[in-house]
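Given next are the chains, with one letter for each unit.
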Amino acid sequence: MWPAMWPGYPNPGAVFFTDDPENQRIADEYGICVSTSHHEPMQRATTEWFEEGRVDGTWDWTTHRDEIIEFFREGVQRAKGLESYFTLGIRGEYDRQMATDDPGRVVRDVLEQQRMLFKEVHGCEDAAPQVMALYKEIQDLYQAGEFTVPDDVTLLFADDNFGSLRRLPSRPEKLRKGGAGVCSPHTVLA
């Protein structure tokens, strides 16, 4: 399940993880595996970032790297012991393209730091299931070889916001340990 999380009224809006601190545990009890969208990695909602007193412009890896790492760490720790499917990667603030001259370098560093958090909290990098949503410019960077995704991480190819898939996983991508699949607003196939 990818719970919808977005700004709204009353502020901060809907946040599955904090609306009721028991949500994640109860989902696990019922056998529901929780994940997050392509722009809300590491079991953290965008609205949580701003609810904690941060202002527009602070969701920027190049200027707030350590703070974002700590934000991710809290998501990994909060989900420890619960069935979760962690979304890796990063996009820019409010699900926009990152404001950087070298987004490939940023994604490489983000993936490295995220994997280190799994090792720190769980003892090994592949202790929890992980997915890399290849969406918009992130898919372009992946296809250009700007970053690699660890073999145990599921590759998720997304639609173009209009229900048309940009591409399907190749045979080698489907044979990866983590596999690969596609997602559109109406269906998920893996």
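Just so it is clear, the model here is predicted, and its values are computed rather than measured. (Residues numbered from 1 in each chain as written. Predicted model: local features only at pLDDT ≥ 70, side-chain atom pairs only at ≥ 80, totals over all residues. Heavy atoms only, no water.)

**Some details on the side chain of D152**
For D152, the location among the structural elements is in the loop between α6 (137-143) and β3 (154-158). Here R115 takes part through its side chain, which lies 2.9 Å from a polar atom of the side chain of D152. Setting aside anything within four residues of it in sequence, one finds D152 in contact with R115, D126, Q130, K177 and G178. (Helix = DSSP H or I, 4+ residues; strand = E, 2+ residues; numbered from the N terminus. Polar contact = N/O pair within 3.5 Å; in protein donor to acceptor, adjacent residues only side chain to side chain. Contact = heavy atoms within 4.5 Å.)

**Comments concerning the side chain of R44**
Inspection of the secondary structure puts R44 in the loop between α2 (23-29) and α3 (46-51). For R44, a relative accessible area of 3% translates into the label buried. Here the side chain of R44 touches F71 through a polar contact of 2.8 Å, landing on its backbone oxygen. Apart from the residues lying within four places of it in its own chain, the contact partners of R44 are F17, T36, E52, F71, E74, G75 and R78. (Buried < 20%, exposed > 50% of the residue type's maximum accessible area, 1.4 Å probe, protein only.)

**Description of the nonpolar core**
Counting residues in each nonpolar core, the largest one holds 35 residues, and the members touching the most others are W61, F72, V107, M132, L134, I138 and F147. Looking at this core, the elements that each hand over two or more residues are α3, α4 (61-78), β1 (86-88), α5 (103-122), β2 (130-134), α6, β3 and β4 (180-184). Beyond its immediate stretch of four places on either side in the chain, F147 contacts V107, R108, L111, M132, L134, I138, L141 and Y142. Among the nonpolar cores identified, the runner-up in size contains 7 residues, and V15, F16, F17 and V34 belong to it. (Core = buried A, V, L, I, M, F, W, Y, C linked by side-chain atoms within 4.5 Å.)

**Details of empty space enclosed by the protein**
In the structure shown here, the tally under the stated rule is 2 cavities of 30 Å³ or more. Approximately 110 Å³ is the volume found for the largest cavity. In terms of lining residues, the largest cavity is bounded by 16 residues, among which H39, T46, W49, W59 and Y94 are the most central. Taken together, the elements giving at least two residues each to the lining of the largest cavity come down to α3 and α4. In terms of residue count, α3 provides more of the lining of the largest cavity than any other element does, 3 residues in total. When its residues are assigned to classes, the lining of the largest cavity shows 8 nonpolar, 3 polar and 5 charged. In this structure, the second largest cavity occupies an estimated 40 Å³ of space. Residue lining of the second largest cavity: H38, L88, G89, I90, R91, M132, A133 and I138, and that is the complete set. Residues belonging to the lining of the second largest cavity are distributed by class as follows: 5 nonpolar, 2 polar and 1 charged. (1 Å grid on protein atoms, 1.4 Å probe; cavity = no way out; pocket = protein on both sides within 12 Å on 5 of 7 lines; lining within 4 Å. Points joined across faces, edges and corners; volume = space filled by probe spheres on them. Nonpolar A, V, L, I, M, F, W, Y, C, P; charged D, E, K, R; others polar.)

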